[in-house]
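Fold and geometry: a report
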Amino acid sequence: MESATASPATGVPAQGIESLENETRVDQVPVTGEIPAWLTGSLIRTGPAKWEVGERTMNHWFDGFAMLHRFGIADGEVSYANRFLQTKSYRAAKEQGEIVYSEFATDPCRSLFGRVFSLFNPKISDNANVNLTQLGERFVSMTETPIPVEFDAETLETVGVAYDTPGLLTTAHPHMERADGGMLNYAAKVGPRNSYRFFHIAPDAKEPRVLASLPVREPAYMHSFGLTERFFVLAEYPYVVNPIKIPLSGRPYIENYEWKPERGTRFTLIDRKTGDTVGPFETNAWFGFHHVNSYDDEDGTVVADICVFDDAQIVEDLYLERLRAGKPVSEPRFRRFRIDPKAGTVADEELTEQGFDLPRINYMRCNERPYRYVWGVGVGESGWLDVIVRADLSDRSTTTWSQPGHWPGEPVFVARPEAEDEDDGVLLSVVLDEAKGASYLLVLDARDLSELARADAPHHIPFGFHGQFARGV
Ligand SMILES: [Fe+2]
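Residues numbered from 1 in each chain as written. Predicted model: local features only at pLDDT ≥ 70, side-chain atom pairs only at ≥ 80, totals over all residues. Heavy atoms only, no water.

**Description of the coordination of the iron ion**
The protein atoms that coordinate the iron ion are H173 (NE2), H223 (NE2), H290 (NE2) and H466 (NE2), at distances of 2.0 to 2.1 Å. With 4 donor atoms in place around the iron ion and angles of 92 to 161° between them, the coordination shape is irregular. The sequence motif formed by the donor residues of the iron ion is H-x49-H-x66-H-x175-H. Taken together, the residues H290 in strand β23 (residues 287–296) and H466 in strand β36 (residues 466–470) connect sequence positions 176 residues apart. (Donors = N, O, S within 2.8 Å, 3.2 Å for Na, K, Ca; no water. Tetrahedral: all angles 85-135°; square planar, octahedral: opposite > 155°, others 65-115°. Helix = DSSP H or I, 4+ residues; strand = E, 2+ residues; numbered from the N terminus.)

**Section: the packing of aromatic side chains**
Taken as a whole and judged by the stated rule, the model has 34 aromatic pairs. Ring centres of Y186 and Y196 lie 5.6 Å apart, and the angle between their planes is 50°; this geometry places the pair in the tilted category. Of this pair, Y186 sits in strand β14 (residues 183–189) while Y196 sits in strand β15 (residues 194–201), and the two are 10 residues apart along the sequence. Take Y186 and Y196: they sit in the same class, and that class is buried. Between Y239 and Y257, the aromatic rings sit 5.5 Å apart at their centres with planes inclined by 35°, giving tilted as the arrangement. Residue Y239 is found in strand β19 (residues 239–240), and its partner Y257 is found in the loop between α3 (246–249) and β20 (258–259); the two are separated by 18 residues along the sequence. Judged by its relative accessible area of 6%, Y239 falls in the buried class. (Phe/Tyr/Trp six-rings, centres within 6.5 Å; stacked < 30°, edge-to-face > 60°. Buried < 20%, exposed > 50% of the residue type's maximum accessible area, 1.4 Å probe, protein only.)

**Digging into empty space enclosed by the protein**
One pass over the full model with this rule turns up 4 cavities of 30 Å³ or more. If you add up the space inside the largest cavity, you get close to 190 Å³. Looking at the largest cavity, it is lined by 22 residues, and the ones nearest its centre are R45, G409, P462, F463 and G464. Those elements that provide at least two residues to the lining of the largest cavity are β3 (41–48), β6 (66–74), β31 (406–408) and β33 (425–433). Classifying every residue of the lining of the largest cavity by side-chain character gives 14 nonpolar, 6 polar and 2 charged. (1 Å grid on protein atoms, 1.4 Å probe; cavity = no way out; pocket = protein on both sides within 12 Å on 5 of 7 lines; lining within 4 Å. Points joined across faces, edges and corners; volume = space filled by probe spheres on them. Nonpolar A, V, L, I, M, F, W, Y, C, P; charged D, E, K, R; others polar.)

**Overview of the sheet that holds strand β27 (residues 357–360)**
What the 4 strands build is an open sheet, ordered β27-β28-β29-β30; its pairing is antiparallel. Both edges of this open sheet fall to β27 and β30 (397–401), since each of them pairs with a single strand only. Between one strand axis and the next, the sheet turns through 25° on average, direction left out of account. When strand β29 (residues 385–392) meets β30, the two strands line up antiparallel, connected through 5 bridges. Paired with A391 across the two strands is T398, which belongs to β30. (Pairing = 2+ DSSP bridges. Axes fitted to C-alpha atoms, helices over the stretch in contact; angles between N-to-C directions.)

**A few points about the confidence of the model for the protein**
Looking at the protein as a whole, the pLDDT averages 94, with 95% of positions reaching at least 70. With pLDDT under 50 throughout, residues 1–6 is counted as low confidence; its partners more than four residues away or in other chains account for 3 contacts. (pLDDT = per-residue confidence, 0-100. Contact = heavy atoms within 4.5 Å.)

**Points about the sheet that holds strand β24 (residues 302–309)**
Hydrogen bonding along the main chain pairs the strands of a sheet, whether they run parallel or antiparallel. Read from one edge to the other, the open sheet built from 4 strands follows the order β23-β24-β25-β26, with strand pairing classed as antiparallel. Here the strands that pair on one side only, and so sit at the sheet edges, are β23 and β26 (345–352). The average undirected angle you get between the axes of adjacent strands in this sheet is 25°. As paired elements, strand β25 (residues 333–340) and β26 share 7 bridges and run antiparallel to each other. What sits directly across from R336, in β26, is E349.

**Some remarks on the environment of S294**
Considering the arrangement of structural elements, one finds S294 in strand β23. Here the alpha-carbon distance between S294 and T57, two residues 237 residues apart in the chain, equals 39 Å. Apart from the residues within four sequence positions on either side, S294 is in contact with G226, L227, T228, V233, V303, A304, E368 and R369.

**Remarks on the environment of F287**
In this fold, F287 is placed in strand β23. On the basis of relative accessible area, F287 is assigned to the buried category, the value being 0%. Those residues in contact with F287, other than ones at most four positions away along the chain, are Y221, Y237, Y239, W259, C307, V308, F309, D311, A312, I314 and V315.

**Some words on the side chain of T301**
With respect to the secondary-structure elements, T301 resides in the loop between β23 and β24. Classification of T301 by relative accessible area gives buried; the value is 7%. Once you skip the residues sitting within four places of it in the chain, T301 turns out to touch Y295, D296, R338, I339, D340 and P341.

**A short note on the pairing of β29**
Counted residue by residue, β29 has 8 buried out of 8 residues, so it is predominantly covered. As defined by bridge partners, strand β28 (residues 373–379) adjoins β29 across 7 bridges and the pair is classed as antiparallel. When the bridges of β29 are listed, V379 appears paired with L385. Hairpin connection between β28 and β29: a loop of 5 residues separates the two successive antiparallel strands, and G383 in this loop has a positive phi of roughly 85°.

**Observations concerning the pattern of salt bridges**
For the structure shown, the criterion picks out 26 salt bridges. Several salt bridges share partner residues, and in doing so they unite D310, R333, R335, D348 and E350 into one network. (Salt bridge = Lys/Arg side-chain N within 4 Å of Asp/Glu carboxyl O.)

Right, dumping it as structure tokens:
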């Protein structure tokens, strides 16, 4: 007899998108292998962990309520803790037994009157399940709504709203301002007139400083942006929305976006100092979530490396119904776009045959600059993310790590202190062991993907998106 949680032959393993109710704290989890003595700090991750509310199930992988997970590492030993983020959205659902806030692809049940009322009293979700960042002394969990949620990195307790965002649609992928350690991010201001805005938050500030503003008629869905020493790099994929239609459409947020490939992909460069814009420069239609890295090349061109898809089908692919039916997901590609502001052209090429997404680089050393290595997760024969990939841009070769029945997440690179080489460090990836029904922290040597150690979590960890390694926590 087939059990309710049996995995389909292809696609995502069932437990990867199975809710986790249990919140726990374990001071020491079993470790096999040897964790490098220099590795001290915490891998903190956020991700969706609960998709059912009352009688309803949310529609999409991205909709689940945010849970924080922390693997604390010191002296070769590992602790583990996990906790739901106590967001307004989560608390309201728990108290009322129904979905109260609109998520990425799921709306509360609303009458027409309710929809009109929501125009004047929008319930914007603060379900910060996408990524987190360290801003000065603060830890902040983020999603694409303008409500970043501060939490205590030690207890994983929710603190409150971290700072103000100057727009309604933002990204959970800020960049670091090297000058002061603050953050740079993008937000789309919507209303009678829409604009893209780039802003800066100083490490201890609550108020943003808007650095640049560009008018736009139909904002594109943008999950991240690129940063060079000189420019913000905006890649507008032709997946666009007329924001004014969202509240009355009767459709969840993401279903208001339309794929318009005839628009192509438009790159705009925004000067970080002056806010002046160059472009847009158009190329073929692509869709993507994650910029990998960008830099100003010596010849005056700007390089933007991005994990892209042929179209926006990946958004459809990640609906829970499709995933639970075992349908494979679109395969990401790793491509380089070279923008020549003088010629007004964009050239693009595939960088590695093996594609991947959830990319990580040696950020502190290489972001905004020429670089050599990327690590990510690729879609293999299973039709789901099942392989850790290391790409070497010097010869465009890839190396992989995989194990049947083991499902790795984003590989977070941590540099060895005193390292000279760009790839001298470890990768930390949370892997689901399907047969065991539990997840573990995998520690790989980032240079060759050889395995150093595993630390067992006490339960399965639903597939999440992003995390950060925090030293000193
Ligand atoms: Fe992301």
